[in-house]
Amino acid sequence: MAADAAAARRSVLLPRLWPAVFTLGWLLAAISAAEALHALFAVAVGDGEGFAFAASAAVTGFTAGACILTTSGRPFQLNFRDAAILTVGAWFIVPFFAALPFVLPPVDLSYIDAYFEMVSGFTTTGSTVMDALDTRPPTILLWRSTVQWIGGMGIIGLAILILPFLKIGGMQLFRLESSDRSENVLPRVQSVAIAIIQIYVTLTIACFIAYWLLGMTPFDALNHALTTVCTGGFSTHDSSFGYFTDYRLEWTAVLFMTAGSLPFLAYLKVVRAGSWRDRIEPQIVWFVGIILVSSLVLTLWLMRNGQTDIVFAFTKAVFNVTSVVSTTGFASTDYMQWGQFAIGVFFVLTFVGGCTGSTSGGIKILRFNILFSMIVQQAKQAIYPRRVVPTRYGTRVVSNEQIASVGAFVFLYLSTFVVFSMLLALSGLDTATALSSA
């Protein structure tokens, strides 16, 4: 009886896994193709990484083929459970294969370090265990940047494909129409996805050209363009953006870090007819406002503490504030030397993040918008008990279901931060390092 029950459970589980396995196979096929292209690049530049990437492409391609061939031939449509399994599986499995070039000669990282590097890349976190970046093979540096760029684009695609299944949260707030009528500018989800990818690629190309024209080498310009627009922050130099001593490059980075932190659907709304109030998301105004206010405060703080060059102070403040708020992670200077007040400001900004629907991390501005509106609504309701006061996001009414979703997300986010801070402190890290790492 027990064996029959186990067999029944497997028969129910396995048919529900194969749609995710089939889709994961195509994701691995794309990674295999990218590794093969980097193998050709390694041969072209002669940095000794050709075999590592060719072997990695072969292993990844074989696994991709196995996933596709063993699950093909059956029509399917991903439901929400399939999409959830695919998302979780992809974030764990894809970095496993992308890490292969790092464990082979001449890099020879341990697999734990290599896996960490690729998870950091695909999630656009930007933390790294690699040092001596200035002397690393060019193909390895380009692979790190490419992985971050793919991760940024993947986040956008997964959000568009998966969030509509949720029925709650933030996606409904980003309708291309302000009404609930089904008259969309772009009629299908695929059309929206293609348009957003086109915007993403266009921003990357524009960033590359700007960096190149302002003095970066083509290789540095390409790598930093890939990691700026995706708000990832991997660099080709140990000193990160501090390697470049040109204010123009810093301001260019500020522009494209900000562009990568804005809702990508907002770019589509801007080109539509209508008032600017309808076309500009409230969270965009909040996001820009937070950057400007924080930068002015830190500029005054630097000048109060002896910095006499206002241009230098304002440039460094804006660059580092934008980098932290957008969760990019570029550094043009060591702001830990700016004093405890500045450190506190940057620590708070780390939680803020960019806009929902962008490549940046953090809690996101939209959720702060909704929480603030909810507090205002509760205060008005307390003063006028008989008055019906809806919670609004801009001109739109936010449902109780969406408010609950936002509240649950923020609670889980902060709870995770507290738990991981305690675990890191228990591992022996000092309090400041444990908090910043978490």
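These notes cover the structure that comes with them. Numbers given to residues run from 1 along each chain, matching the order in which its sequence is written. Given that this is a predicted model, residues contribute local features only at a pLDDT of at least 70 and side-chain atom pairs are listed and counted only at 80 or more, while totals for whole chains, interfaces and linings are drawn from all residues. As a rule here, side-chain values come from all non-hydrogen atoms in the structure, and water together with hydrogens is ignored.

A closer look at the overall build of the protein chain
Put simply, DSSP marks the helices as runs of H or I at least four residues long and the strands as runs of E at least two long, and each gets a number from the N terminus on. Counting its regular elements, the protein chain contains 17 helices and two strands. Out of the 438 residues in the protein chain, the part that is buried amounts to 45%. Of the contacts formed within the protein chain by residues at least 6 apart in sequence, a portion of 68% connects residues at least 24 apart. Per-residue accessibility takes into account occlusion by the displayed protein chains alone, with areas from the Shrake-Rupley method and a 1.4 Å probe. Here the protein chain has roughly 21800 Å² of accessible surface; of this, 70% comes from carbon and sulfur atoms. The cut-offs for exposure are 20% and 50% of the maximum accessible area for each residue type, with area from a 1.4 Å probe on protein chains only; residues under the lower value are buried, those over the upper are exposed, and the others partly exposed. The contact criterion used throughout is that any non-hydrogen atoms of two residues lie within 4.5 Å.

Focus on the packing of aromatic side chains
Note on aromatic pairs: each is described by the distance of the centres and the angle between the planes. Two rings belonging to Phe, Tyr or Trp (six-membered ring only in the last case) form a pair when the distance between their centres is within 6.5 Å. Interplanar angles under 30 degrees mark stacking, angles over 60 mark edge-to-face geometry, and anything in between is tilted. With the rule as written, the count across this model stands at 24 aromatic pairs. Ring geometry for Phe208 and Trp212: centres 5.5 Å apart, planes at 35°, overall tilted. With Phe208 and Trp212 both in helix α7 (residues 189–213) and four residues apart, this pair spans about one turn of that helix. Residue classification places Phe208 among the partly exposed residues on the basis of a relative accessible area of 21%. Residue classification places Trp212 among the partly exposed positions, given a relative accessible area of 45%. Following the ring pairs from residue to residue traces out a cluster consisting of Tyr211, Phe241, Tyr243, Phe244, Phe319 and Phe330. Here, a charge over a ring is recorded when the distance from Lys NZ or Arg CZ to the ring centre is within 6 Å and its angle to the ring normal is within 35 degrees. Between the NZ or CZ atom of Arg367 and the centre of the ring of Phe409, over which it lies, the distance is 3.7 Å.

What to know about the environment of Arg367
The topology assignment puts Arg367 in helix α15 (residues 365–383). In contact with Arg367, other than residues within four places in its own chain, are Thr356, Val406 and Phe409. We call two N or O atoms a polar contact when they sit within 3.5 Å, provided that within protein one can donate a hydrogen and the other can accept it, with sequence-adjacent residues counted only if both atoms are side-chain atoms. In terms of polar contacts, Arg367 uses its side chain to reach the backbone carbonyl oxygen of Ile363, at 2.8 Å.

With respect to α15
Here the expected span of a helix is defined as 1.5 Å times the quantity of residues minus one. Between the first and last C-alpha of α15 there are 27 Å, a value that for 19 residues agrees with the 27 Å anticipated at 1.5 Å per step. Ile365, Leu366, Arg367, Asn369, Ile370, Ser373 and Gln377 are the residues of α15 that are buried.

Some points on the packing of α15 against helix α16 (residues 400–426)
In this analysis an axis means a line fitted to C-alpha atoms, helices contributing only their contacting stretch, and an angle means the value between N-to-C directions, from 0 to 180 degrees. Across the interface, α15 lies against α16 with an axial gap of 10 Å and an inter-helix angle of 115°. Like other packed secondary-structure pairs, α15 and α16 cross with a definite hand, here left-handed. From α15, Arg367, Ile370, Leu371 and Met374 reach across to α16, where they touch Ile403, Val406, Phe409 and Val410. Each residue is assigned to one of three groups, with Ala, Val, Leu, Ile, Met, Phe, Trp, Tyr, Cys and Pro labelled nonpolar, Asp, Glu, Lys and Arg labelled charged, and all others, Gly among them, labelled polar. Across the contact of α15 with α16, the residue classes tally to seven nonpolar, no polar and one charged. Each helix crossing is assigned a hand: it is left-handed if the near helix lies turned anticlockwise from the far helix by less than a right angle, otherwise right-handed if that turn is clockwise.

Remarks on the nonpolar core
Among the nonpolar cores identified, the biggest contains 31 residues, and Leu203, Tyr211, Met216, Phe241 and Phe319 are the most heavily contacted of them. Listing elements by their share of this core, those giving two or more residues are α6 (138–166), α7, α8 (218–229), α9 (247–261), α10 (264–270) and α13 (310–325). Top element by residues in this core is α7. It accounts for nine residues. Put simply, a nonpolar core is a bunch of buried Ala, Val, Leu, Ile, Met, Phe, Trp, Tyr and Cys residues held in one set by side-chain atoms that sit within 4.5 Å of each other. In terms of nonpolar packing, the next biggest core, distinct from the first, is built from 27 residues, Phe97, Ala98, Met130 and Val147 among them.

Digging into the pattern of salt bridges
For this analysis, a salt bridge means a side-chain nitrogen from Lys or Arg found within 4 Å of a carboxyl oxygen belonging to Asp or Glu. In this structure the tally under the stated criterion is five salt bridges. One salt bridge connects Arg248 with Asp246, and the closest N-O pair in it is separated by 2.9 Å. The class for Arg248 is partly exposed, based on a relative accessible area of 49%. Here Arg396 ties to Glu281 by a salt bridge, and the two come within 3.4 Å at their closest N and O atoms. Pair noted here: Arg396 is in strand β2 (residues 396–397) and Glu281 is in the loop between α11 (276–279) and α12 (282–304), with a separation of 115 residues, a long-range link. Exposure class is identical for Arg396 and Glu281. Each is buried.

Considerations on the packing of α12 against α13
Two numbers describe how α12 lies on α13: the axes approach to 8 Å, and their chain directions differ by 135°. Relative to α13, the element α12 lies oblique. At the point where α12 passes α13, the crossing takes the right-handed sense. Where α12 approaches α13, its residues Phe287, Ile291, Ser294, Ser295, Leu296, Leu298, Thr299, Leu302 and Met303 are matched on the opposing element by Ile310, Ala313, Phe314, Ala317, Val318, Val321, Thr322 and Val325. Of the residues assigned to the contact of α12 with α13, the class counts are 13 nonpolar, four polar and no charged. For classification purposes, an angle smaller than 35 degrees is called roughly parallel, one larger than 145 roughly antiparallel, one from 65 to 115 roughly perpendicular, and anything else oblique.

Observations concerning the environment of Thr128
As for its placement among the helices and strands, Thr128 is situated in the loop between α5 (111–122) and α6. Residue classification places Thr128 among the partly exposed residues on the basis of a relative accessible area of 36%. Spatially, the C-alpha atoms of Thr128 and Asp113 are 8.8 Å apart, while their sequence positions differ by 15 residues. Those residues in contact with Thr128, other than ones at most four positions away along the chain, are Phe116, Glu117, Arg144 and Phe234. A polar contact of 3.1 Å, which involves the side chain of Thr128, links it to the backbone nitrogen of Met130. Of note is the side chain of Thr128, whose polar atom sits 3.4 Å from the side chain of Arg144.

Some remarks on helix α2 (residues 50–69)
Residues spaced three or four apart along an α-helix face the same direction, because each turn holds 3.6 residues. With 20 residues, α2 extends 28 Å from end C-alpha to end C-alpha; this agrees with the ideal 28 Å at 1.5 Å per step. Inspection of α2 places Gly50, Ala52, Phe53, Ser56, Ala57, Thr60, Ala64, Cys67 and Ile68 among the buried residues, and these make up the whole buried set. Buried residues of α2, seen end-on, are gathered within an arc of 150° and therefore sit on one face of the element. The exposed set on the far side of α2, more than 90 degrees from its buried face, consists of Phe51, Phe62 and Leu69. By arc we mean the arc of the directions from the helix axis to the C-beta atoms, nothing more.

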